[in-house]
Amino acid sequence: MSDLSHQKQQLEEIEAKLKTLSEKDQREALFAEEANIQFQNNIKAFKKYFPEIAEKFSYHNPSEKFNLFLNSNSTPNIIDYDTNFPMYGDEPRKQAENQIEQMFSNPILGRVDHSGVEFVKSDTNFKHVDLMRSIGKVYNKAKDNLEPNYKVNEFVPSAIIFGVGLGYHLSSMFDKFTAAYITIFEPNEDYFFASLFTFDWSGFISQVDKSGSFLYISVGLSESEMSEALYNRSSQIGAFSVSSAVFFQHYPSKAVNRLISEFKGNYHQHFMGWGFFDDALMSISHTVKNVETSFSLLNHKKSIEQPYPDFPIFIIANGPSLDNDIEVIKQYRQDAIIVSCNSATTSLLNYGVIPDFHVALERTKSTEDFLTAFIPEEIRKQINLLVLNVMYPNVLNLFGWCGVALKGKEAGTSLFNLAEYNDNGAIHEILPFSNPLVGNTALSFFGSLKFNNIYLFGADNGYKDPDYHHSKNSYYYSGDGKPAHEPLKMGGKHVVKGNLGGQVLTDNFMYVGKVQMERFIDFNKRPESYIYNCSDGCYIEGSLPLASRDIILQKANVTKSEVINAVKERSFSKVDNKIKINEHLNFDIFDEMCATLASILNDEALDRSEALDQLLKSLRYLFSFKTSLKYSHLFLLLEGEALYVTSVMISLLYNFGDDKEIIPYYQEAKELWKDFILEAPNQYRARWNVLSDYSFDYSKPSV
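Since we're looking at a predicted model, the values are computed, not measured. (Residues numbered from 1 in each chain as written. Predicted model: local features only at pLDDT ≥ 70, side-chain atom pairs only at ≥ 80, totals over all residues. Heavy atoms only, no water.)

### As for the sheet that holds strand E3 (residues 108-110)
No. 1: Spatial ordering of the open sheet is given by E3-E7-E4-E5-E6, a layout of five strands whose pairing is mixed. Of all the strands in the sheet, the pair left with one neighbour each is E3 and strand E6 (214-219). Going across the sheet, the axis of each strand differs from the next one's by a mean of 20°, ignoring polarity.
No. 2: Taken together, the three bridges between E3 and strand E7 (residues 245-249) define a ladder with antiparallel strand orientation. In the strand pairing of E7, glycine 110 is matched with alanine 245. (Pairing = 2+ DSSP bridges. Helix = DSSP H or I, 4+ residues; strand = E, 2+ residues; numbered from the N terminus. Axes fitted to C-alpha atoms, helices over the stretch in contact; angles between N-to-C directions.)

### So, empty space enclosed by the protein
No. 1: According to the stated counting rule, one finds two cavities of 30 Å³ or more in the structure shown.
No. 2: Computed from the structure, the second largest cavity encloses a volume of approximately 30 Å³.
No. 3: In this structure, the second largest cavity is lined by Leu109, Arg111, Lys151, Val152, Asn153, Val156, Pro157, Ser244, Val246 and Tyr654.
No. 4: Within the lining of the second largest cavity, the residues separate by chemical class into six nonpolar, two polar and two charged. (1 Å grid on protein atoms, 1.4 Å probe; cavity = no way out; pocket = protein on both sides within 12 Å on 5 of 7 lines; lining within 4 Å. Points joined across faces, edges and corners; volume = space filled by probe spheres on them. Nonpolar A, V, L, I, M, F, W, Y, C, P; charged D, E, K, R; others polar.)

### Things to note about the side chain of threonine 287
No. 1: Topologically, threonine 287 is positioned in helix H9 (residues 277-292).
No. 2: Here serine 283 takes part through its backbone oxygen, which lies 2.6 Å from a polar atom of the side chain of threonine 287.
No. 3: Non-local contacts of threonine 287, meaning those with residues more than four positions away in its chain, are made with Met282, Asn389, Val390, Gly412, Thr413, Phe416 and Ile581. (Polar contact = N/O pair within 3.5 Å; in protein donor to acceptor, adjacent residues only side chain to side chain. Contact = heavy atoms within 4.5 Å.)

### Remarks on unusual backbone geometry
No. 1: Along the chain, asparagine 435 connects to proline 436 via a cis peptide bond; the corresponding omega equals 15°.
No. 2: By the element assignment, proline 436 lies in the loop between strand E14 (430-431) and helix H15 (438-448).
No. 3: Unlike most non-glycine residues, serine 294 shows phi in positive territory, near 55°.
No. 4: Assignment of secondary structure puts serine 294 in the loop between H9 and strand E8 (296-298).
No. 5: Relative accessible area serves as the criterion here: at 14%, serine 294 is assigned to the buried category.
No. 6: The phi dihedral of lysine 409 is positive, around 55°, even though this residue is not glycine.
No. 7: Tracing the sequence through the fold places lysine 409 in the loop between strand E13 (401-407) and helix H14 (411-424).
No. 8: With relative accessibility at 52%, the residue lysine 409 sits in the exposed group. (Buried < 20%, exposed > 50% of the residue type's maximum accessible area, 1.4 Å probe, protein only.)

### Looking at the pairing of strand E12 (residues 384-388)
No. 1: For E12, a buried count of five out of five residues is recorded, marking the element as mostly surrounded by other parts of the structure.
No. 2: Of the two faces of E12, both are covered, the one formed by Asn384, Leu386 and Leu388 as well as the one formed by Leu385 and Val387.
No. 3: With three bridges joining them, strand E11 (residues 357-359) and E12 adopt parallel strand pairing. Considered in E12, the bridge of valine 359 is made with leucine 386.
No. 4: As defined by bridge partners, E12 adjoins E13 across five bridges and the pair is classed as parallel. Of the residues in E13, the one forming a bridge with leucine 388 is alanine 405.

### Points about the side chain of serine 434
No. 1: Turning to its location among the elements, serine 434 is positioned in the loop between E14 and H15.
No. 2: At 3.4 Å, the side chain of serine 434 forms a polar contact with the backbone oxygen of leucine 431.
No. 3: Those residues in contact with serine 434 that sit more than four places away from it in its chain are Leu361, Leu388, Lys407, Asn440, Thr441 and Ser444.

### Some thoughts on the pattern of salt bridges
No. 1: Evaluation of the coordinates by the stated rule reveals 23 salt bridges.
No. 2: Two residues, lysine 141 and glutamate 668, come together in a salt bridge whose shortest N-O distance is 3.0 Å. With a gap of 527 residues between them, lysine 141 in helix H4 (residues 127-145) and glutamate 668 in helix H21 (residues 663-687) connect regions that are remote in the sequence.
No. 3: Here lysine 141 falls in the partly exposed class, since its relative accessible area comes to 33%.
No. 4: The exposure class assigned to glutamate 668 is partly exposed, which follows from its relative accessible area of 34%. (Salt bridge = Lys/Arg side-chain N within 4 Å of Asp/Glu carboxyl O.)

So this is what it looks like as C-alpha cells:
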C-alpha cells in the first residue's frame, strides 16, 4: 500500500472515530437533558408522597465509584459496586422483562402453613381456641380437596421488591398483577439516586396511587435495618400487610441475598405474639381489679432517677446454662441484686439462693397456682415481686412487696391510660419490649430503671440439648434429673449462633424472645450502660458475651438493701384508686364497631381478589380505631383475634385452588369469623370484670 493510501485510510479511521465520539457526545448531551427533566419531575412527585426521600436526594453526593453511562444503543447502564462490571447488558429493558417472566413462572412466595391450627389443644375454655380450631378445620379441608397454588395471582396481599437498580423492572412490574401492599428496598443510595434520572418514578407512584395500593420505599438501610423496618411496619399496620408475599430480587447482591434469607427465615415473627380476645378481656378485668387495690406503679420513665446506677444486676432465667453458673451467682449474691424470672426461682431456692426480686409474666390464675405450689409463703414474703398490670390480681399479694408496670398493646393498659388522662391529664408510659418471655420483662424493668451493669444468666432462649431445656434443679425436673413437666414448645425450630460459641436450637417463640431483647437493648442504648450475657445460649445482638468465670465485681460503697429500698421508694408510687376506669368501658361503641365490622363481611365474594379486598376493608376499618385514645381499648379487644383469624384466612385464600375454587371454603371460614364478631359485644358485657379461671395442676407430672 502506498503512503498516500495509508494516510487516507488513517484519516478515514480518525474521521470515523471523531464521528462516533461526536455522536456519543450528542447522545450523552440528549440523555443529560432528558435525565435532568426526569429528575426534577421525580423529586416533585417525591415531595408530595415521600418528602423525606425528596429532601435527602435533592442534593445527594454519590461516591467515587458512581458511574452512570450509556450503552451503544443509548440505554442507561450503571457499574455494579460489588463486581465492577455493568449491572445490565446491552438491552436492559428486555433483560428486566425476562426477569419478570421468570418471576411469574417460578415465583418466590412467603407463605405460612396453618395446617396445625385445627389441632391446637383446647383445655382453657377460651373462645379464641374454639374459633381457631374451627377455621383451621376449614383450612385443612381446602388443603385436602384442592391443588396447591404456586402462582402469582392478579391481586395479592403483598409484594416485596429487593433492589431498584435503574428501575427497568418497575416499569412493567405491575402490569399483570397488583398488590395491596408494595414494599421496595434499595440498600444502595447511589443506585436509587441514579434511578431518579432513568426511571419515571412520578408515573409509577401515580399508577400505584390509582390502584389503591399502599407503597413503602426504604433506601440505604442495612440488612438488619430493612428487616426491622418491615417488622415495625407489620406491627403498626398489621401483619396482613406482609402476608402471602411475593418476593422479587432485581440484581445479584450479597447484602440483598442475606436480607431475603433472613426475612424468609424469620417470617414467623410477623405472625406471633398478637394476643387474642380472651386475653384482652382478662387484660381489662385484671387491670380494673388491680387498680382497686392501689398498686405501686412504675413512674414515668423520664422521672426515674437512679441514685445507684452502677450497682450490678443479675437477671436469672431458667435456661439449662444456669446450672453451669450457679456457683458464680452464689459467690456474688451479696454484691449484686438477684432478679429471678419465674420458674428460675425454684432452681435458685434448690441451690440455696433466695432472690431479691421475682418477675412473673403469665396473666392467668395458673401463675398463682404455680407460686403457691412451689414457693413457700415464708420465702415469698422475703422476696419482692415485679409484674405487669394485666397480672392475675391475687398474685400481687403473694410477696413481701409488689411493683407493677404497664404492658404495651393491651386493652387494659389503654383503658387505664384513658381513665388517668381523663382524671389527671397525664398518662404513665408502658414498659417497652416486655414480652413474650419473662426474661424480656425482667430486662425491660431493670434497663428502664437505668441500671448500667446488667448480667444475664440462663437467658438461653433455646438449648443445645433437646432433653436439657431448663435448669435441672427447677420444677421441670424430678429429683433424679428426669423431666417432670414438659415446656411449651411453639413453632418451627431454628439453629442460631451461640453466645459463648457453638450453635443453639430454638423455636419460634423463644427466638422472638431473643429478638425482643435485642430490640430493647437498642431502644435503651446509653453510653454508660452494658448488658453482659453470661448465658450459654443464643447470641443477643447488643449484649457483651461474658463467661461467668470472668466476672469481677468491685465492692460497692452501698449495701444491697439500700439499693433495693431506693428502687421501691423512688421508682414506684401508689396509683390513684379513685381513677374512674369503669366509666370508659364504652359497651355501646363496641356494639357499633362489631356490627359495622360484620356488615363489611356480609357481601358474597365471587373470586379471590374480591375476598381479599373484603378482608382488607374490614381490617382497615378496625385499625382506624388504633390511634384513638378514647377507643383504642376497644380496638385492642379485637386486634389480636382479627390478626390471627385473617392470617389463616389469607393463607387459605392463596395457598390452595384457583380464583373460584377457593371461595366456598373462604365463605365457610368467614361465617365462623362473623359469628364470633357478632357475639363479641355480649362477651364483653358479661366478662369485662371476670377474672381468669384457667388453672393448672402442678402436682401432676407431665412427660
